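Observations on chain architecture
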Amino acid sequence: MKKLIVMAAAVLFNVAAQAQTSPEAKAIKKMKSYAEVEQAIKANEANFSNEDKAFAYNKLVDLALSENSKAEKAAIEAQLAKNEEERVKMTQEKNTAAFNAISAAIKCNTYDEKGKYKSKNADRLMTLRQNMVQAGLDSYNTKDYANASKFFGTFVETRTQPLFDKTDFSREQNFGQIAYYAALAAYFDKNMEKCKAYADAALNSQDRDSIASDVIIVKLGALEEQAKTAAIDTTAFISEVKALYEM
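Here we summarise the structure given alongside this text. A quick note: this is a predicted structure, and the numbers were derived from the prediction, not measured. (Residues numbered from 1 in each chain as written. Predicted model: local features only at pLDDT ≥ 70, side-chain atom pairs only at ≥ 80, totals over all residues. Heavy atoms only, no water.)

What the protein chain contains, in helices and strands, is eleven helices and zero strands. Ordered by position from the N terminus, the helices and strands of the protein chain form the series α-α-α-α-α-α-α-α-α-α-α. The buried share among the 247 residues of the protein chain stands at 42%. Within the protein chain, residue pairs in contact and separated by at least 24 positions form 64% of the contacts whose partners lie at least 6 positions apart. Of the roughly 14,700 Å² of accessible surface on the protein chain, 52% is carried by carbon and sulfur atoms. (Helix = DSSP H or I, 4+ residues; strand = E, 2+ residues; numbered from the N terminus. Buried < 20%, exposed > 50% of the residue type's maximum accessible area, 1.4 Å probe, protein only. Contact = heavy atoms within 4.5 Å. Areas by Shrake-Rupley, 256 points an atom, 1.4 Å probe, with all protein chains shown as cover.)

Take the nonpolar core next. Ile28, Met132 and Val156 are the most contacted members of the largest nonpolar core, which has 66 residues in total. Not counting residues up to four positions away in its chain, the partners in contact with isoleucine 28 are Val37, Ala40, Ile41, Phe48, Phe55, Ala56 and Lys59. (Core = buried A, V, L, I, M, F, W, Y, C linked by side-chain atoms within 4.5 Å.)

Okay, the side chain of threonine 91 next. By the element assignment, threonine 91 lies in helix 5 (residues 84-111). Using a relative accessible area of 13% as the deciding quantity, one classes threonine 91 as buried. Excluding residues that lie within four positions of it along the chain, threonine 91 makes contacts with Ala75 and Asp138.

Considering all chains together, one arrives at nine salt bridges under this definition. Across the pair aspartate 165 and lysine 118 runs a salt bridge whose closest N-O atoms are separated by 2.9 Å. On the criterion of sequence distance, the pair formed by aspartate 165 in the loop between helix 7 (145-158) and helix 8 (175-188) and lysine 118 in helix 6 (residues 118-141) is long-range, its members being 47 residues apart. Across the pair arginine 208 and aspartate 209 runs a salt bridge, and its minimum N-O distance is 3.9 Å. By relative accessible area, which is 26% here, arginine 208 ends up partly exposed. One salt-bridge network, in which partners are shared between bridges, spans Arg129, Arg159 and Glu172. (Salt bridge = Lys/Arg side-chain N within 4 Å of Asp/Glu carboxyl O.)

This part covers helix 10 (residues 212-228). Because an α-helix packs 3.6 residues into every turn, residues spaced three or four apart end up facing the same way. Here helix 10 is 17 residues long and its end C-alpha atoms lie 24 Å apart, about the 24 Å a rise of 1.5 Å per residue gives. Those residues of helix 10 that sit buried are Ala212, Val215, Ile216, Val218, Lys219, Gly221, Ala222, Leu223 and Gln226. (Expected span 1.5 Å × (residues − 1).)

In this section: the packing of aromatic side chains. Enumeration according to the criterion identifies nine aromatic pairs in this entry. An angle of 70° between the planes, with centres 5.5 Å apart, marks the rings of tyrosine 140 and tyrosine 145 as edge-to-face. We note that tyrosine 140, like tyrosine 145, is buried. When the ring of tyrosine 140 is compared with that of tyrosine 181, the centres are 5.8 Å apart and the planes differ by 80°; the resulting orientation is edge-to-face. Taken together, the residues tyrosine 140 in helix 6 and tyrosine 181 in helix 8 connect sequence positions 41 residues apart. Residue classification places tyrosine 140 among the buried positions, given a relative accessible area of 18%. On the basis of relative accessible area, tyrosine 181 is assigned to the partly exposed category, the value being 29%. Every member of this aromatic cluster is reached through a ring pair, and the members are Tyr140, Tyr145, Phe152, Tyr180, Tyr181, Tyr187 and Phe188. (Phe/Tyr/Trp six-rings, centres within 6.5 Å; stacked < 30°, edge-to-face > 60°.)

What follows is the structure, given as structure tokens:
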């Protein structure tokens, strides 16, 4: 009987191992294009094991980082050549690649049950997380509020992502101010839920005292816009306004 149990366990182990490495996942290993891997994930993700998904998204991180480095180099070369149009174009590509790398790493961590990629990705993406601030400013200054909200918001949201739960943010300065700009960009982009979330992050930050009044004004504006479209009920509206007034 014991022998049969051991044999059955061995069979189950082999089946599980086979399920964790599908041919589609193996094919991703050889791909060299971010777009190609992204398409492969969309086409096959439903059939991937969590291990396959973690591997595939980590591959996206690798490729996005490569695209970021190439775009950054091209942007510097364009700046030296005084080609402003090309510099702007390559800077935008650099920013998008940085955002893609962070997003893919967060997805990777969601499926990375063994924590195989977590520490490495958290360490190598911290610089890109900081770069989201400049990316947000670049977009905000050209009134591209959708991207400004996305980039500033990525900086804000990643602080509470499980991927970075071992990271020490205690020395990070001006977090509240950046969260305020994320809220402001979201307001102009007419995304009031995001605006309120980023405003709350700013109001809970260490540097809140210098920006609290401005943040409250933005959050009040978001609440008023929601009230106009019945996106928030009267009781919730009054409760939130009262809390802001008391603050």
